[in-house]
Amino acid sequence: MEIDREDGRTPNQLRPLACSRNILHRPHGSASWSQGDTKVLAAVYGPKAGAKKNENAEKACFEVIWKPKTGQIGKVEKEYEMIMKRTIQSICVLTVNPNTTTSVIIQVVHDDGSLLPCAINAACAALVDAGIPMKHLAVAICCCLADSGYVVLDPNKLEEKKMTAFAYLVFPNTTLSVLSEGSSVAKGESVEHGIITSVTHGLMSVDDYFLCVENGRAATASLSAFFRKNFQQSQRDSSKAG
């Protein structure tokens, strides 16, 4: 079945990607991430030692602070913070900097759909920029289910409003050649296929969910390749600057 999208994309086609790292001077790491007209800035502060009640003597702690483009943070943004915190904690090595807290600040620049996956991708890039030890990289994508049962990836805002259900999926990055020094996985080692984070909204059958997972996982190859190309370019630029 041929699906027509207003922007001319195929159902599994992602919007143009853009990423810049080390764009802010005060944070320990920072990145901007764009998917089409959706753009997010991420800043990482830490790890910092302190006496916060949530700190753990044996593990590093993370907090996520979401800043909307306008207005106050609401229930949806609080949910985003929780999802991102759990995702970050699952991909970072928590035993390297025990009894510390690292803060990840998310600033929404523009929301034209697939905002949470865009923010997760931005945070991952900023964590690499900050040199936070990580088990592996991660890539996030939004899969939407339409009335007719077909799945579209990386929907824009208009498409999101027309969909009956959607899933936010975070997969291990299939490329590990850009992991920061100190990561627990050897350079070039492959990660098993799996799902790091899965959040669904709306009603979808089990079969529809697995179709979203299948299509989403297939798209991780292009996301992973983009990560690799972007980070390797940054490494080359840093070497020239040095």
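All of these numbers come straight from a predicted model, not from anything done at the bench.

A. Summary view of the overall build of the chain. In terms of regular secondary structure, the chain is built from four helices and nine strands. Starting at the N terminus and ending at the C terminus, the chain contains elements arranged as β-β-β-β-α-β-α-β-β-α-β-β-α. Residues counted as buried form 49% of the 242 residues belonging to the chain. Of the roughly 12,000 Å² that the chain leaves accessible, carbon and sulfur atoms contribute 50%.

B. Structural view of the sheet that holds strand β2 (residues 29–35). Spatially, β1-β2-β3-β5-β4 is the arrangement adopted by the five strands of the open sheet, whose pairing is mixed. For this open sheet the edge positions go to β1 (17–21) and β4 (61–67), each flanked by a neighbour on one side alone. This sheet shows a mean twist of 15° between the axes of neighbouring strands, independent of strand direction. Here β1 pairs with β2 via five bridges, running antiparallel.

C. Geometry of the nonpolar core. Trp66, Met84, Cys92, Ile106, Leu127 and Ile141 are the most contacted members of the largest nonpolar core, which has 65 residues in total. For this core, the element with the highest residue contribution is helix α2 (residues 115–130), accounting for 13 residues.

D. Focus on the packing of aromatic side chains. This model, assessed by the stated rule, comprises six aromatic pairs. With a centroid separation of 5.4 Å and an interplanar angle of 90°, the aromatic rings of Trp33 and Phe226 are classed as edge-to-face. One end of the pair, Trp33, is in strand β2; the other, Phe226, is in helix α4 (residues 206–241), and 193 residues separate them in sequence. In this structure Phe226 comes out as buried when scored by relative accessible area, which is 18%.

E. Region of interest: the side chain of Glu160. Within the secondary structure, Glu160 sits in helix α3 (residues 157–162). Buried Glu160, no salt bridge; nearest opposite-charge side chain is Lys157, N-O distance 4.3 Å. Discounting chain neighbours no more than four positions away, the residues touching Glu160 are Gly113, Ser114 and Pro155.

F. Region of interest: the pattern of salt bridges. Following the criterion strictly, the structure yields nine salt bridges and no others. The partner of Arg9 in a salt bridge is Asp7, with the nearest N and O atoms 2.7 Å apart. For Arg9, a relative accessible area of 7% translates into the label buried. One network of salt bridges, with partners in common, ties together Arg5, Asp7, Arg9, Arg15, Asp112, Asp154 and Glu159.

G. Spatial organisation of the sheet that holds strand β6 (residues 138–145). Taken in spatial order, the four strands line up as β7-β6-β8-β9 in an open sheet, and their pairing is antiparallel. Lying at the two open borders of the sheet, with one neighbouring strand each, are β7 (151–153) and β9 (197–202). Neighbouring strand axes in the sheet, compared pairwise and without regard to direction, differ in orientation by 20° on average. Both strand β8 (residues 165–172) and β9 contribute to a ladder of six bridges, which runs antiparallel. Counted as the bridge partner of Tyr168 is Val199 from β9. Helix α1 (residues 75–91) contacts β6, β8 and β9 of the sheet and is inclined by roughly 155° relative to β9. Relative to β6, α2 is tilted by about 175°, and along the sheet it contacts β6 and β8.

H. Spatial organisation of the environment of Pro68. Residue position: Pro68 is located in the loop between β4 and α1. Sequence separation of Pro68 and Gln107 is 39 residues, and the distance between their C-alpha atoms is 6.3 Å.

I. Region of interest: unusual backbone geometry. Cis peptide bonds are those with omega within 30 degrees of zero, and the linkage from Gly46 to Pro47 qualifies with 5°. In this structure, Asn22 takes a positive phi of about 55° despite not being glycine. Within the element layout of this structure, Asn22 appears in the loop between β1 and β2. Its relative accessible area of 54% is what places Asn22 among the exposed residues. Despite not being glycine, Asp154 shows a phi value in the positive range, around 50°. Classification of Asp154 by relative accessible area gives buried; the value is 1%.

J. How the structure looks around the packing of α1 against α2. Where α1 meets α2, the axes come as close as 11 Å, and the angle between the chain directions of the two elements is 40°. Overall, the two elements α1 and α2 adopt an arrangement that is oblique. The two elements α1 and α2 meet at a crossing, and its hand is right-handed. Residues Tyr80, Ile83, Met84, Thr87, Ile88 and Ile91 of α1 form the contact with α2, whose own contacting residues are Leu115, Leu116, Ala119, Ile120, Ala123, Cys124 and Leu127. Among the residues forming the contact of α1 with α2, the class breakdown is 12 nonpolar, one polar and no charged.

Conventions used here
- Residues numbered from 1 in each chain as written.
- Predicted model: local features only at pLDDT ≥ 70, side-chain atom pairs only at ≥ 80, totals over all residues.
- Heavy atoms only, no water.
- Helix = DSSP H or I, 4+ residues; strand = E, 2+ residues; numbered from the N terminus.
- Buried < 20%, exposed > 50% of the residue type's maximum accessible area, 1.4 Å probe, protein only.
- Areas by Shrake-Rupley, 256 points an atom, 1.4 Å probe, with all protein chains shown as cover.
- Pairing = 2+ DSSP bridges.
- Axes fitted to C-alpha atoms, helices over the stretch in contact; angles between N-to-C directions.
- Core = buried A, V, L, I, M, F, W, Y, C linked by side-chain atoms within 4.5 Å.
- Phe/Tyr/Trp six-rings, centres within 6.5 Å; stacked < 30°, edge-to-face > 60°.
- Lys, Arg positive; Asp, Glu negative; His and termini not counted.
- Salt bridge = Lys/Arg side-chain N within 4 Å of Asp/Glu carboxyl O.
- Contact = heavy atoms within 4.5 Å.
- Parallel < 35°, antiparallel > 145°, perpendicular 65-115°, else oblique.
- Left-handed = near helix turned anticlockwise from the far one by under 90°.
- Nonpolar A, V, L, I, M, F, W, Y, C, P; charged D, E, K, R; others polar.

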